[in-house]
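Chain residues, written in single-letter form:
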Amino acid sequence: MVMMDGSLDAEKIAAYFKGKSILVTGATGFLGKILVEKILRVQPDVRKIYLLVRAIDADCAKQRVEAEVTDAELFCLLREKHVKGGFELFVDEKIVPLAGDVIFENMGLDAPMLEELAKEVDIIVNAAATTNFYERYDVALDVNVMGVKYLCQFAKNCANLKMLLHVSTAFAAGDREGLIMEKPFKKGETLKEGTYLDIDAELRLVGDVKKELLQDGAGSVDHDRTERKAMKELGLQRSRHFGWSNTYVFTKAMGEMLLSQLHGAIPVVILRPSIIASIFRDPLPGWMQGTRTIDTIIIGYAKQNLSCFLADLELTMDVIPGDMVANAMMAAMVAHSGEEGAEVMYHTTSSLRNPAPYGVLYESGRRHFYENPRLGKDGRVIPTKEMHFFKTIASFHLYMLVKYKLPLEILHLVNLLLCGLFSQLYEDLNRKYKFVVHLVDVYGPFAFFRGCFDDMNLERLRLTMAATSPEDDLFNFDPKTIDWNEYFYKIHIPGILKYVLK
């Protein structure tokens, strides 16, 4: 990094984006939206922001960007700034929707558009990802791995490219204990001793398995369902073979490896956020999209339909507000712009500087719902009950055995004695039981994560940030400035209730 302490401030960061053209993938996602809004708000003289979205043509791409990005409540400050129809004109001038997909070579774009992008684009931000822990292996490889390859190939054809910023996840580092360093993966590196990861071999494996399935089930009406199940199971199997807990984090780690191999002279920043939570400060505190694993506690509490949960309240849940992640992204772009061949990794995390235990979230939830009880459809107050937490997967399995599995076996026996009278009931309940056990299998390692993410690189970047005026707080990404009790109680939980549980 060439920046000196105090050499970055809000004015310099905002000024950097003046006249720049930026290609963003994953803009319909939570983080992508926050980034696009922030750039447009702090630098109205940005040249163009190209948004690559899945759509069949340009018109559909434009409609999707309007419906899923710019119409979001997140853009409220920009709407206030550009009144009387000015917002739509401003957006039309600055945002260019592109109908395409990272899973295709050249992103599925035609030659004229590719040529225009290659001449115009200064910065590429890859925030596209499939974040499903139990995703089909072929789909996860397409998006999280091959998407990186195709973007990197395109980046090498860009005449004026200053930077490629890739959003990964801190949990790509695996289920480790102790301090986890900001260190990129080497080619073939795995988390299990004695194994070597060959990405090309994994792609061939997927092709071979799909070919086998097609031959075995040719003409079968259940082929699609069989293939979907097989691909999901293959993803988990291969992840665990190499030491990762699920398909999402495994393929994100592969994407990092591929980027390290292919970027060449292109300056690259790999950003690894932990659990991205609702907006802390601007433009709309509490705004969020979708649910995170930690929010299951709050949603279950709000609906009072979750009596137990898998978590150790003393363990740290590494969370970081979405606006802080976007701020760190923008600061990193400025700090490493034009650094030929650079590859820098940043953990945008909180567990080292300002750890937040699960207990803080739970207590904030209890406090909120006792003081602001929810009303049922009949207008009556939904009583707030205590929730039981299992500190180990083994204790949860024992509970499930006694509470559900044994009664299920009794029902199965009664069903046999009564010649199948309760077959449908048994099958429904047994399916739900297996589904819950499967969820614990997939999400359990995540719930009991005991690692702590080092953020020394990010701390160095923070030290370059001047703090001489109130405006400099506009790009705050320091987790030490967060009071977690107040954040969860006053911002995050009300945000879930307002924007997720509408």
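Please refer to the structure placed before this passage.
About the thresholds
- Residues numbered from 1 in each chain as written.
- Predicted model: local features only at pLDDT ≥ 70, side-chain atom pairs only at ≥ 80, totals over all residues.
- Heavy atoms only, no water.
- Buried < 20%, exposed > 50% of the residue type's maximum accessible area, 1.4 Å probe, protein only.
- Helix = DSSP H or I, 4+ residues; strand = E, 2+ residues; numbered from the N terminus.
- Right-handed = clockwise from strand over helix to strand, strands pointing away.
- Pairing = 2+ DSSP bridges.
- Phe/Tyr/Trp six-rings, centres within 6.5 Å; stacked < 30°, edge-to-face > 60°.
- Arc of directions from axis to C-beta.
- Contact = heavy atoms within 4.5 Å.
- Axes fitted to C-alpha atoms, helices over the stretch in contact; angles between N-to-C directions.
- Parallel < 35°, antiparallel > 145°, perpendicular 65-115°, else oblique.
- Left-handed = near helix turned anticlockwise from the far one by under 90°.
- Nonpolar A, V, L, I, M, F, W, Y, C, P; charged D, E, K, R; others polar.
- Salt bridge = Lys/Arg side-chain N within 4 Å of Asp/Glu carboxyl O.
- Core = buried A, V, L, I, M, F, W, Y, C linked by side-chain atoms within 4.5 Å.
- Patch = residues over 30% accessible without salt bridge, like charges linked within 9 Å, V, L, I, M, F, W, Y side chains within 5 Å.
- Areas by Shrake-Rupley, 256 points an atom, 1.4 Å probe, with all protein chains shown as cover.

1. Remarks on the pairing of strand 2 (residues 48-53)
Phase 1 of the analysis: Summarising burial for strand 2: 5 of the 6 residues are buried, a large majority.
Phase 2 of the analysis: Following the chain from strand 1 (residues 21-25) across helix 2 (residues 30-42) to the adjacent parallel strand 2, one finds a crossover that is right-handed.
Phase 3 of the analysis: Two strands pair when backbone bridges link them, and strand 2 and strand 3 (residues 95-99) are joined in this way by 5 bridges, in the parallel orientation. From the neighbouring strand, Tyr-50 faces strand 3, where its bridge partner is Val-96.

2. Brief notes about the packing of aromatic side chains
Phase 1 of the analysis: Following the criterion strictly, the structure yields 19 aromatic pairs and no others.
Phase 2 of the analysis: Between Phe-75 and Phe-87 the ring centres are 6.4 Å apart and the planes differ by 65°, which places this aromatic pair in the edge-to-face class. Note that Phe-75 is positioned in the loop between helix 3 (58-70) and helix 4 (76-81) and Phe-87 in helix 5 (residues 86-94), a separation of 12 residues in sequence. Note on accessibility: Phe-75 and Phe-87 belong to one class, buried.
Phase 3 of the analysis: Here Phe-449 and Phe-453 contribute two aromatic rings whose centre-to-centre distance is 5.4 Å and whose plane-to-plane angle is 15°, an arrangement assigned as stacked.

3. Description of helix 5
Phase 1 of the analysis: Within helix 5, burial applies to Phe-87, Phe-90, Val-91 and Lys-94. All buried residues of helix 5 lie within an arc of 95° about the axis, which places them on one face of the element.
Phase 2 of the analysis: The secondary structure elements touched by the buried residues of helix 5 are helix 2, strand 2, helix 3, helix 4 and strand 3.

4. Some details on unusual backbone geometry
Phase 1 of the analysis: Look at the link from Asp-282 to Pro-283: it is a cis peptide, with omega at 5°.
Phase 2 of the analysis: Turning to its location among the elements, Pro-283 is positioned in the loop between strand 8 (275-277) and helix 11 (295-303).
Phase 3 of the analysis: The backbone phi angle of Asn-106 is positive, close to 60°, even though this residue is not glycine.
Phase 4 of the analysis: With respect to the helices, strands and loops of the structure, Asn-106 is situated in the loop between strand 3 and helix 6 (111-120).
Phase 5 of the analysis: Positive phi, normally seen in glycine, also occurs at Met-107, with a value near 60°.
Phase 6 of the analysis: On the secondary structure map, Met-107 appears in the loop between strand 3 and helix 6.

5. A word on the packing of helix 2 against helix 12 (residues 322-336)
Phase 1 of the analysis: In the contact formed by helix 2 and helix 12, the axes pass within 9 Å of each other and the chain directions differ by 60°. For the element pair helix 2 / helix 12, the angle class is oblique. Here the hand of the crossing between helix 2 and helix 12 comes out right-handed. Here helix 2 contributes Phe-30, Leu-31, Ile-34, Leu-35, Lys-38, Ile-39 and Val-42 to the contact with helix 12, which in turn contributes Gly-322, Asp-323, Val-325, Ala-326, Asn-327, Met-329, Met-330 and Met-333.
Phase 2 of the analysis: Along the lines of polarity and charge, the residues of the contact of helix 2 with helix 12 split into 11 nonpolar, 2 polar and 2 charged.

6. A look at the pattern of salt bridges
Phase 1 of the analysis: The final tally for this structure, using the stated rule, is 31 salt bridges.
Phase 2 of the analysis: One salt bridge in this structure joins Glu-120 and Arg-47, with 3.0 Å as the shortest N-O distance. Of this pair, Glu-120 sits in helix 6 while Arg-47 sits in the loop between helix 2 and strand 2, and the two are 73 residues apart along the sequence.
Phase 3 of the analysis: The class for Glu-120 is partly exposed, based on a relative accessible area of 24%.
Phase 4 of the analysis: As a salt-bridge pair, Asp-138 and Lys-210 come within 2.9 Å of each other at their nearest N and O atoms. Taken as a pair, Asp-138 in helix 7 (residues 137-155) and Lys-210 in helix 8 (residues 199-216) lie far apart in primary sequence, 72 residues in all.
Phase 5 of the analysis: Taken together, the shared-partner salt bridges in this structure form one network comprising Glu-37, Lys-38, Arg-41 and Asp-282.

7. A closer look at the environment of Arg-79
Phase 1 of the analysis: Structurally, Arg-79 is set in helix 4.
Phase 2 of the analysis: Assessed through its relative accessible area of 29%, Arg-79 is described here as partly exposed.
Phase 3 of the analysis: Separated by 93 residues in the primary sequence, Arg-79 and Ala-172 place their C-alpha atoms 37 Å from one another.

8. So, the nonpolar core
Considering soluble globular proteins, one finds that nonpolar side chains tend to be buried as a cluster.
Phase 1 of the analysis: Within the largest apolar cluster, 135 residues are counted, with the highest numbers of intra-cluster contacts made by Phe-17, Leu-165 and Met-329.
Phase 2 of the analysis: In terms of residue count, the dominant contributor to this core is helix 12 (11 residues).
Phase 3 of the analysis: With near-sequence residues (within four places) excluded, Leu-165 lies in contact with Ile-124, Val-125, Asn-126, Val-269, Leu-271, Met-329, Ala-332 and Met-333.
Phase 4 of the analysis: Membership of the second largest hydrophobic core comes to 28 residues, among which are Val-121, Leu-164, Val-268 and Met-345.

9. Points about the sheet that holds strand 11 (residues 343-348)
Phase 1 of the analysis: The strand order across the open sheet formed by 7 strands is 3-2-1-4-5-7-11, and the pairing between neighbours is parallel. With one partner strand each, in any of the chains shown, strand 3 and strand 11 form the two edges of the open sheet. The average angle at which neighbouring strand axes cross in this sheet is 15°, direction not considered.
Phase 2 of the analysis: As defined by bridge partners, strand 5 (residues 163-167) adjoins strand 7 (residues 268-273) across 4 bridges and the pair is classed as parallel. By the bridge assignment for strand 7, Leu-164 is matched with Val-268.
Phase 3 of the analysis: On top of the sheet, helix 2 reaches strand 1, strand 2, strand 3, strand 4 (123-126) and strand 5; it is set at about 165° to strand 2, its chief contact.
Phase 4 of the analysis: Across the sheet, helix 6 is in contact with strand 1, strand 2 and strand 3; its angle to strand 2 comes to roughly 135°.

10. Focus on a nonpolar patch on the surface
Phase 1 of the analysis: Together, Ile-410, Leu-413, Val-414, Leu-416, Leu-417, Leu-418 and Leu-421 give the surface a local cluster of nonpolar side chains, amounting to about 720 Å² of exposed area.
Phase 2 of the analysis: For Leu-416, a relative accessible area of 55% puts it in the exposed group.

It is worth stressing that arrangement in space is one thing and function is another; only the former is reported here.
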